[in-house]
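Spelled out, the chains give:
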Amino acid sequence: MYTLGIYIYIALVKLAAFFGYKKAKLMLNGHKETFAKLKSGMREGTEYIWFHVSSLGEFEQGRPLMEWIKANHPQYGIVLTFFSPSGYESAKKYQFADIICYLPFDTKFNAKRLVSLLKPKMAFFVKYEFWMNCLKALKKNNVPVYSVSSIFRKKQVFFRPWGFSYRNALRCFNHFFVQNEESKALLASIGVNDVTVVGDTRFDRVAKIQELARQLPLVEAFVEGERRVFVVGSSWGADEEVYLPYFNKHQNWKLIIASHEVNDERVKSIEQKVKGVCVRYTKATIDEVRAADCLIVDCFGLLSSIYRYGDVAYVGGGFGVGIHNILEAAVYGMPVFFGPNNAKFQEAQHLKACGGGVEICGASDFDKKMSALDTNQQSLKMAGEAAGNYVSKNSGASYKILSTLKF
């Protein structure tokens, strides 16, 4: 049934590509190149370690491990595969992987061919990645397989009465490095006991990002003065309806907005909503940003460094498919606001519990909770310290994983 489902999925992707769906086209084109990339990129006599991630978020979780291996065991090559076109397109030039390509559709034939070609020394599957045919092929070839930063919930198919075959797939892993005790207990309930609770490697990644944060003279000029700075990351239209009314009424704040999309249409829509002087990062001069009320970041790659200049952050997505990376903001020791769609994000629950994260359900709720921080410097300081302490206390998962493995 699983393999039949894979073939149905392939047919749906081809149909979507036929009707012009961009991501489907990218995926199909990428799959056509996978085996050719592997054959041309692999060096004779080199052993490879395989990392598989779904998309960009999982890639960030795998980065600390890949970069440690490259620094400490440069004799190994790293093959990095993606499922999602958005993840692949963002990371296809990643310097610490020797070969980057799509994971071929998980048919039995593709899985056997892939493992026979790679012959990996070991394989890492990050978070939710459980491709049954690949896992079975790896096990058959005696390749050690590890699940890292994984997290499990009661409603997942593994823990359902009909999930027998999926439970068998979990037994292909040599070890699970999970995020929490609940995941360990759930796995134990189905007889999977090679499990260690280490936390989430994303904490190590954001700590490294903070360490390497760039100096941005244009942003530094913008934040000059006594006005506080509110930084918005990965903003969607629904998010703007929530936070912008407050700042249109409170001129004691400056705004930095990094939209999830940076095309001209999106940027114009933000400019039309903001009351005050807006400038675009790629077009503004130092003098122009000093006189502005809102700086719109109309390019990618700067957000993780821009958070350092804020007093309070808002991370978008919580009024849509789910919140984006809130740890990138929290690591700088400031409170982080986000929307209600955050139940599946453990870090959001923990940040709310410690006082460093603030969930809001609409414009009036944002107004109330933002005002509470705006008018109480001590509350603002304590919330920021709680966020920063949460990240620092939960760092170290990568070391725990790597210290148990033999290279």
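Our structure's up above, just so we're on the same page.
Residues numbered from 1 in each chain as written. Predicted model: local features only at pLDDT ≥ 70, side-chain atom pairs only at ≥ 80, totals over all residues. Heavy atoms only, no water.

Where helix α11 (residues 237-249) contacts helix α17 (residues 363-374), the axes come no closer than 8 Å and their chain directions differ by 50°. By the criterion of interaxial angle, the relationship of α11 to α17 is oblique. Between α11 and α17 lies a crossing whose hand is right-handed. For the pair formed by α11 and α17, the contact residues are E241, V242, Y243, Y246, F247 and K249 on the first element and A363, F366, D367, M370, S371 and D374 on the second. Across the contact of α11 with α17, the residue classes break down as seven nonpolar, one polar and four charged. (Axes fitted to C-alpha atoms, helices over the stretch in contact; angles between N-to-C directions. Helix = DSSP H or I, 4+ residues; strand = E, 2+ residues; numbered from the N terminus. Parallel < 35°, antiparallel > 145°, perpendicular 65-115°, else oblique. Left-handed = near helix turned anticlockwise from the far one by under 90°. Contact = heavy atoms within 4.5 Å. Nonpolar A, V, L, I, M, F, W, Y, C, P; charged D, E, K, R; others polar.)

With that settled, the discussion passes to the sheet that holds strand β12 (residues 312-315). Strand order in the open sheet formed by seven strands is β10-β11-β9-β8-β12-β13-β14, with parallel pairing between adjacent strands. Edge positions in the sheet fall to β10 (278-280) and β14 (357-359), since each of these pairs with one other strand and no more. Mean inter-strand twist for the sheet, computed between neighbouring axes without regard to direction, equals 20°. Pairing between strand β9 (residues 253-259) and strand β11 (residues 294-297): four bridges, direction parallel. Within β11, the residue paired with L255 across the bridge is C294. Each of β8 (228-235), β9, β10 and β11 is contacted by helix α12 (residues 264-273), which is oriented at about 160° to β10, the strand it contacts most. (Pairing = 2+ DSSP bridges.)

Glancing now at the pairing of strand β3 (residues 99-102). Bridge analysis of strand β2 (residues 77-82) against β3 gives four bridges, and the strand direction is parallel. Its bridge partner lying in β3, V79 is registered against I99. Handedness of the crossover joining β2 and β3 through helix α4 (residues 85-91) is recorded here as right-handed. (Right-handed = clockwise from strand over helix to strand, strands pointing away.)

Turning our attention to the nonpolar core. Ranked by internal contacts, the top residues of the largest apolar core, which has 46 residues, are W50, F125, F152, L170, F176 and L187. Setting aside anything within four residues of it in sequence, one finds F152 in contact with F130, F158, F159, L170, F176, V178, E182, S183, L186 and L187. In this structure, L218, V279, V289 and A292 belong to the second largest nonpolar core, which totals 43 residues. (Core = buried A, V, L, I, M, F, W, Y, C linked by side-chain atoms within 4.5 Å. Buried < 20%, exposed > 50% of the residue type's maximum accessible area, 1.4 Å probe, protein only.)

Right, let's get into the side chain of D200. On the secondary structure map, D200 appears in the loop between β7 (195-197) and α9 (202-211). On the basis of relative accessible area, D200 is assigned to the buried category, the value being 2%. Of note is the side chain of D200, whose polar atom sits 3.5 Å from the side chain of S149. If we skip the residues at most four places from it in the chain, D200 touches Q61, S149, Q179, N394 and A397. (Polar contact = N/O pair within 3.5 Å; in protein donor to acceptor, adjacent residues only side chain to side chain.)

Moving on, we get to the sheet that holds strand β4 (residues 122-126). One open sheet accounts for seven strands, arranged β3-β2-β1-β4-β5-β6-β7; its pairing is parallel. Two strands close off the open sheet at either side, each with one partner strand: β3 and β7. Direction aside, the axes of adjacent strands within the sheet are offset by 20° on average. Relative to strand β6 (residues 175-178), strand β5 (residues 145-150) runs parallel, the two being bridged by four bridges. In the strand pairing of β6, Y146 is matched with H175.

Together, M1, L4, I8, L12, L15, F18 and F19 line one region of the surface with nonpolar side chains, adding up to about 880 Å² of accessible area. Considering the arrangement of structural elements, one finds L12 in helix α1 (residues 2-18). (Patch = residues over 30% accessible without salt bridge, like charges linked within 9 Å, V, L, I, M, F, W, Y side chains within 5 Å. Areas by Shrake-Rupley, 256 points an atom, 1.4 Å probe, with all protein chains shown as cover. Salt bridge = Lys/Arg side-chain N within 4 Å of Asp/Glu carboxyl O.)

What follows is about the packing of α1 against helix α2 (residues 22-41). The interhelical angle for the contact between α1 and α2, taken along N-to-C directions, is 120°, at an axis separation of 7 Å. The angle between the axes of α1 and α2 places the two elements in the oblique class. For the pair α1 and α2, the crossing hand works out as left-handed. Each of Y9, V13, K14, A16 and A17 in α1 lies in contact with α2, whose residues at this interface are A24, K25, M27 and L28. Grouping the constituent residues of the contact of α1 with α2 by class yields seven nonpolar, no polar and two charged.

Here we come to unusual backbone geometry. Notably, K127 is not glycine yet its phi reads approximately 65°, a positive angle. Relative to the helices and strands, K127 resides in the loop between β4 and α6 (132-140). The phi dihedral of S234 is positive, around 55°, even though this residue is not glycine. On the basis of relative accessible area, S234 is assigned to the buried category, the value being 16%.

This part takes up the pattern of salt bridges. For the structure shown, the criterion picks out 23 salt bridges. When the shortest N-O distance is used, the salt bridge between R290 and E224 registers 3.0 Å. Separated by 66 residues along the polypeptide, R290 in helix α13 (residues 286-290) and E224 in the loop between α10 (217-222) and β8 bring together distant segments of the chain. A relative accessible area of 42% means that R290 is categorised as partly exposed. For E224, a relative accessible area of 44% puts it in the partly exposed group. Each of the salt bridges in this network shares a partner with another, and the network as a whole consists of E60, R63, E67 and R205.

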